[in-house]
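Chain by chain, the residues run as shown.
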Amino acid sequence: MARKLPPLNALPSFEAAARHLSFSRAADELNVTHGAISRAVKNLEDQLGVQLFERATRSVRLTAVGEPYARAVRDVLDQLAIATASATSRHSNTTLNVSTSDGFAGKWLVPRLYRFHRAHGDIDVRVSTTGKLTNFRGDGIDIAIRYGTGDYPGLASEFLAGEEVFPVCSPKLLEGAHPLHEPEDLRHHTLIHDGYPIDWATWLASAEVEGVDPRSGLTFDSASFAVESAVQGEGVVLGRTMLVAADLASGRLVRPFEHALKSLSSFYVVYLPDAIRQRKVRAFRDWLLSEIQPADT
């Protein structure tokens, strides 16, 4: 007996729109236009003969029929993604595709990866860096480390580490004509920026420092480059706990003052719910959690 199936090419668009409750965000995730998402959802509704979304001027929400249907479609797509991963060579049982930000990769993950390889020499790790949320199905990612609130609909999310933000610099800046001893001494030094939400204006205000221009200095679009610039003595950067831990431990960086701000975001390990059944994903998740020391949190 032939299966009665919906238009399959519309399902990813519907699932993404249902997960985000936004056609625009779904379009961004799938790299298509808002109109393409809207047409796919309308085609699905026409084929089913039911309304899946209630549409308002600036928002959408699932109907009583659409909500359980979205959960079912998400489960089916998750299962299909895992089956596809198992069937393709680039998602073999020995190749693990990891996604994270360039800062986390360069300053925390890569310096430690040799320990994972030592314990799991049969698993080849491929690291992809991006500042965007991972599209696990479309990008072929097995597991991701993401910085946020941990709320990733349709995905498993486990807390990895919290974070504080504080100035760090080369030990060389503690000496010379204008040594860094107090926050007010920052007026004599170059501020380094990396686009992080907690910026110099926020930190200086919290420390009640006046007379320092929070917009001046060097700006990088990469946290790794910003930290490396500080290591080389080019100025002072707002260090983030996970990204400067190794440089602080080695003495390449120092904290000239103790004042720190607690970030509202944290690092999370994220993956498709059923992916944890794969040995390579479970091994990497377990290794990441084991690497977090009390000092990192």
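Residues numbered from 1 in each chain as written. Predicted model: local features only at pLDDT ≥ 70, side-chain atom pairs only at ≥ 80, totals over all residues. Heavy atoms only, no water.

(A) Representation of the layout of surface pockets. Of the volumes computed, that of the largest pocket is approximately 450 Å³. Together, 22 residues line the largest pocket, and S101, D102, G131, Y147 and R240 are the ones closest to its centre. Going through the elements one at a time, α5 (102-109) and β5 (143-148) are the ones with two or more residues in the lining of the largest pocket. Class assignment of the residues belonging to the lining of the largest pocket gives a composition of nine nonpolar, seven polar and six charged. (1 Å grid on protein atoms, 1.4 Å probe; cavity = no way out; pocket = protein on both sides within 12 Å on 5 of 7 lines; lining within 4 Å. Points joined across faces, edges and corners; volume = space filled by probe spheres on them. Helix = DSSP H or I, 4+ residues; strand = E, 2+ residues; numbered from the N terminus. Nonpolar A, V, L, I, M, F, W, Y, C, P; charged D, E, K, R; others polar.)

(B) Molecular detail of the sheet that holds strand β7 (residues 164-168). Read across the sheet, five strands follow the order β9-β8-β10-β7-β11 without closing on themselves; strand pairing throughout is mixed. Two strands in the sheet have a free side with no partner beyond their single neighbour: β9 (218-219) and β11 (261-262). In terms of strand pairing, β7 meets β11 through two bridges, oriented antiparallel. Within β11, the residue paired with V165 across the bridge is L261. (Pairing = 2+ DSSP bridges.)

(C) Just empty space enclosed by the protein, in detail. Applying the stated criterion to the full structure yields one cavity of 30 Å³ or more. As a volume, the largest cavity reaches approximately 90 Å³. As for the largest cavity, its lining consists of E15, R19, E29, T134, N135, F136, R137, P153, G154, L155 and L272. Contributions of two or more residues to the lining of the largest cavity are made by α1 (11-20) and α7 (136-139). Class assignment for the residues of the lining of the largest cavity results in four nonpolar, three polar and four charged.

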